[in-house]
Amino acid sequence: MGRSERSARLISAAAQHDEHVFSVAEGSPPGPDIEELSISWQRSANWHRVDPIDSKAPRVLTPYELKDFREPLGHLILSAQEEIDRLFKLVREAGYTVLFCDTAGVAVEHRGEDSQASRFEHWGTWLGGVWSEEIEGTNGIGTCIAEERPVTVHRSQHFRSRHMSLSCSGAPIFGVDGSLLAVLDVSAIDPGRSEQAHALTGALTVNSARAIEERFFREHFYREWIVAVAPADEGLPGMLAVDGDQRVVGANRVARKSLLLDDRGLQAGISLWTIFERDVAIFRRKDRTDIATRLMIAGSNDSSAALVTPPDQTPTAWQNATNVAFHTRPRLNVIGTYEKMAPATQPHGGLSPGALRRVREYVETHLSESTDLATLAAVAGISMHHFARGFKQSAGITPHHYLTQKRVERAQDMLAQTDLSLSEIAFAVGFSDQSHMARQFRQFIGITPRQFRWSQR
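### Overview of the overall build of the chain
Argument step 1. Helix and strand content of the chain: 19 helices and 10 strands.
Argument step 2. Out of the 457 residues belonging to the chain, those deemed buried represent 51%.
Argument step 3. For the chain, contacts bridging at least 24 residues in sequence account for 60% of all contacts bridging at least 6.
Argument step 4. Accessible surface, the chain as shown: approximately 21,300 Å² in total, 52% of it carbon and sulfur.

### As for the nonpolar core
Among soluble globular proteins, nonpolar side chains are generally buried collectively.
Argument step 1. By size, the foremost hydrophobic cluster in this structure holds 42 residues, and its most contacted members are V227, L240, L272, F276, F283 and F387.
Argument step 2. Among the elements that take part in this core, helix α13 (residues 353-365) stands out by supplying five residues, more than any other.
Argument step 3. Y96, A188, F216 and I226 belong to the second-largest nonpolar core, a separate cluster that totals 33 residues.

### Remarks on the sheet that holds strand β5 (residues 180-189)
Argument step 1. Across the sheet, which stays open at both edges, the five strands sit in the order β2-β1-β5-β4-β3 with antiparallel pairing between neighbours. Two strands lie at the open edges of the sheet, namely β2 (107-111) and β3 (151-154), each paired on one side alone. In this sheet, neighbouring strand axes are inclined to one another by 20° on average, regardless of whether the strands run parallel or antiparallel.
Argument step 2. Here helix α4 (residues 74-91) sits on the sheet in contact with β1 (96-101), β2 and β5, set at roughly 165° to β1.

### Digging into the pattern of salt bridges
One side chain can pair with another of opposite charge once the charged atoms of both are near each other.
Argument step 1. This structure, assessed with the given rule, holds 25 salt bridges.
Argument step 2. Across the pair R247 and D245 runs a salt bridge whose closest N-O atoms are separated by 3.5 Å.
Argument step 3. One salt bridge connects D263 with R256, and the closest N-O pair in it is separated by 3.0 Å.
Argument step 4. Connected via shared salt-bridge partners are E36, R43, E133, E147 and R149.

### A look at the sheet that holds strand β7 (residues 238-242)
One key point about sheets: their strands pair by backbone hydrogen bonds, in either a parallel or an antiparallel sense.
Argument step 1. One open sheet accounts for five strands, arranged β8-β7-β6-β10-β9; its pairing is antiparallel. Where the open sheet ends on each side, the last strands, each with one partner, are β8 (248-251) and β9 (291-296). On average, each strand axis in the sheet is inclined to that of its neighbour by 30°, with strand direction left out of account.
Argument step 2. By the bridge criterion, four bridges tie strand β6 (residues 225-229) to strand β10 (residues 303-309) in an arrangement that is antiparallel. Of the residues in β10, the one forming a bridge with V229 is A306.

### Quick word on the side chain of S44
Argument step 1. Among the structural elements, S44 can be located in helix α2 (residues 38-47).
Argument step 2. There is a polar contact of 2.8 Å between the side chain of S44 and the backbone oxygen of S40.
Argument step 3. For S44, the residues in contact, after removing those within four places along its chain, are R49, V50, E133, G137, T138 and F159.

### A look at helix α14 (residues 373-380)
Argument step 1. By the burial criterion, the buried members of α14 are L373, L376, A377 and A380. Down the axis of α14, the buried set is contained in an arc of 100°. They therefore lie on one face.
Argument step 2. Contact partners of the buried residues in α14: α9 (253-259), α13, α15 (384-395) and α16 (399-417).
Argument step 3. Among the residues trailing α14, G381 stands out with phi positive, at a value near 85°.

### With respect to the confidence of the model for the chain
Argument step 1. Averaged over every residue, the pLDDT of the chain is 86; the share at 70 or more is 88%.
Argument step 2. At the low end of the mean pLDDT range in the chain sits helix α12 (residues 332-341), at 60; at the high end sits β2, at 98.
Argument step 3. Across residues 341-347, where pLDDT falls below 50, the model places nine contacts with residues more than four positions away in sequence or in other chains.

### A closer look at unusual backbone geometry
Argument step 1. Notably, E148 is not glycine yet its phi reads approximately 50°, a positive angle.
Argument step 2. One can find E148 in the loop between α7 (142-147) and β3.
Argument step 3. Classification of E148 as buried rests on a relative accessible area of 7%.
Argument step 4. Here the phi dihedral of L260 falls at roughly 55°; this positive angle occurs in a residue that is not glycine.
Argument step 5. Structurally, L260 is set in the loop between α9 and α10 (263-267).

Reading the values: the criteria
Residues numbered from 1 in each chain as written. Predicted model: local features only at pLDDT ≥ 70, side-chain atom pairs only at ≥ 80, totals over all residues. Heavy atoms only, no water. Helix = DSSP H or I, 4+ residues; strand = E, 2+ residues; numbered from the N terminus. Buried < 20%, exposed > 50% of the residue type's maximum accessible area, 1.4 Å probe, protein only. Contact = heavy atoms within 4.5 Å. Areas by Shrake-Rupley, 256 points an atom, 1.4 Å probe, with all protein chains shown as cover. Core = buried A, V, L, I, M, F, W, Y, C linked by side-chain atoms within 4.5 Å. Pairing = 2+ DSSP bridges. Axes fitted to C-alpha atoms, helices over the stretch in contact; angles between N-to-C directions. Salt bridge = Lys/Arg side-chain N within 4 Å of Asp/Glu carboxyl O. Polar contact = N/O pair within 3.5 Å; in protein donor to acceptor, adjacent residues only side chain to side chain. Arc of directions from axis to C-beta. pLDDT = per-residue confidence, 0-100.

Here it is, written out as structure tokens:
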């Protein structure tokens, strides 16, 4: 095929892509290949005003500019080095770069073949590349940030036609407070790469991101007991940090969602034994290694496999490489093995109509308050574990999802009908702060609270 014929085909493909983008942005059915990303296409076109025809290369920051973006994530970048290196070893032969990005979509750390640096820089998949959805439209990094979930974008699924040769997969990394900290991404430039081949790297990226997240949590709470509970949503254990008095002082994103924990509840000093049946013997053991156990769910006969890691009590813990390696290494696979060895009991039936009604009425009248799972279970009149499973069977969603959904709905009403500030509305509907409301609002509605308010005026 001659150069002119190849160019003509590329131009034709780009024109067809642009037409498809505009069609979906205007509300046409997206088709199965783009259905999962169609909301991102609509955001890119209607809110961010990204031009899909624009052929300009993504911005790549200079080393001087990059410094300001790297410094806030210095500890996390250092913590993530081992997993980034491991991931790159797995994908480098397939021509991928690995990008570690902040929540603005800036690649603050990377791995890639130096011999291909100029090529990767041309495409923006290099250190300093800026991949926010607001600037580049739908892509594995920016859309992962916008939706706070793993995202794979393969070739023509990108919003801009310039990126139709790229395949990228981004996975979110959440901090110890449950908020988004970074995105781990693998990207390749190959117009012939199949979607099936690229899907394999997406799974590897998710696993690496989860390992980075777990390691960072363990590093932050190395002086506390770490209780990792299986099974857990999203393939990650529900992780709790527990002090010497068995009070929960930290919880990862999964534990916060499943147990309805938030900063206000943690600051109040919730006891571990409001969640599980009391078993203080675990915390009196002198083991310096992981303790495999089962924890009984409070008020029930059900239990969950758990891996308990004792705190490091040595005065110079971080000067001892052996201690560091033990306390921070991820245990994802180990925890999953314990759960398979002793499966949980089968779930019971759903809530009674009366119990479900009481819970819904309580949520409606107490949205502004910090509400935990134990409180809702008490309203329903059953144990906390039975409540969580029974509520999902009756309502079709988890208690956390329901509570967040109701808060977002109340926020919508207040945004449309009042002139209260975003921070005032966030507090009034029970979110911890304005940024927390913005993240959840965008995840449920697809746009920010500010954009929603503007659309109602």
